[in-house]
Amino acid sequence: MKREFVFNDKIHSLTILPARIERRVKNGGNDVIAEIDAFPGEQVVQKVIRRLCR
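Parameters at a glance
Residues numbered from 1 in each chain as written. Predicted model: local features only at pLDDT ≥ 70, side-chain atom pairs only at ≥ 80, totals over all residues. Heavy atoms only, no water. Helix = DSSP H or I, 4+ residues; strand = E, 2+ residues; numbered from the N terminus. Rg over C-alpha atoms; globule rule 2.2 N^0.38 Å. Buried < 20%, exposed > 50% of the residue type's maximum accessible area, 1.4 Å probe, protein only. Contact = heavy atoms within 4.5 Å. Lys, Arg positive; Asp, Glu negative; His and termini not counted. Charge placed at Lys NZ, Arg CZ, Asp CG, Glu CD. Pairing = 2+ DSSP bridges. Polar contact = N/O pair within 3.5 Å; in protein donor to acceptor, adjacent residues only side chain to side chain. Core = buried A, V, L, I, M, F, W, Y, C linked by side-chain atoms within 4.5 Å. Patch = residues over 30% accessible without salt bridge, like charges linked within 9 Å, V, L, I, M, F, W, Y side chains within 5 Å. Areas by Shrake-Rupley, 256 points an atom, 1.4 Å probe, with all protein chains shown as cover. Salt bridge = Lys/Arg side-chain N within 4 Å of Asp/Glu carboxyl O.

With that out of the way, let us pick up the overall build of the protein chain. When helices and strands are tallied, the protein chain shows 1 helix and 4 strands. N-terminal to C-terminal, the α/β element order of the protein chain is β-β-β-β-α. Relative to the globule expectation of 10 Å for 54 residues, the C-alpha radius of gyration of the protein chain, 17 Å, shows a markedly less compact shape. By principal-axis analysis of the C-alpha atoms, the protein chain measures approximately 60 × 15 × 15 Å. Taken over 54 residues, the protein chain has a buried fraction of 9%. Within the protein chain, counting contacts between residues at least 6 apart in sequence, those at least 24 apart form 31% of the total. Charge centroids of the protein chain, computed over 11 positive and 7 negative side chains, lie 6 Å from each other.

Alignment of strand β1 (residues 2-7) against strand β2 (residues 10-15), held across 6 bridges, turns out to be antiparallel. Paired with Phe-5 across the strands is His-12, a residue of β2. Turn length for the β1-β2 hairpin, with the two strands adjacent in sequence and antiparallel, is 2 residues, and the turn residue Asn-8 shows positive phi of about 55°.

Take Glu-35: it is sitting in strand β4 (residues 30-38). Sequence separation of Glu-35 and Ile-21 is 14 residues, and the distance between their C-alpha atoms is 5.6 Å. For Glu-35, the contacting residues outside a window of four places in its chain are Arg-20, Ile-21 and Glu-22. A polar contact is formed between the side chain of Glu-35 and the side chain of Arg-20, at a distance of 2.9 Å.

Counting 5 residues, the largest nonpolar core consists of Phe-5, Leu-14, Ile-16, Val-45 and Ile-49. Aside from chain neighbours lying at most four places away, what touches Leu-14 is Met-1, Lys-2, Arg-3, Phe-5, Val-48, Ile-49 and Leu-52.

A few words on a nonpolar patch on the surface. On the surface, Val-44, Val-48 and Leu-52 cluster together into a nonpolar patch covering about 230 Å² of accessible area. Along the chain, Leu-52 turns up in helix α1 (residues 42-52). Overall, Leu-52 belongs to the partly exposed group, its relative accessible area being 46%.

Given below as C-alpha cells:
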C-alpha cells in the first residue's frame, strides 16, 4: 500500500507493508499453521502520516 502526502510544500510517499500473522488451528489431532497478511486500517495510516508531519 502506497500513500502520498504533502509536508512543507513537498510531496512525500509512504509505503506500508503488511504484517505477517501466523495462525494455528487445531484440526483433529493436527495443528494447521496458516500465515495471513494484514494491512493496518485507514485510521492507523492517517495517524502515522500526522506524526510524520509534526
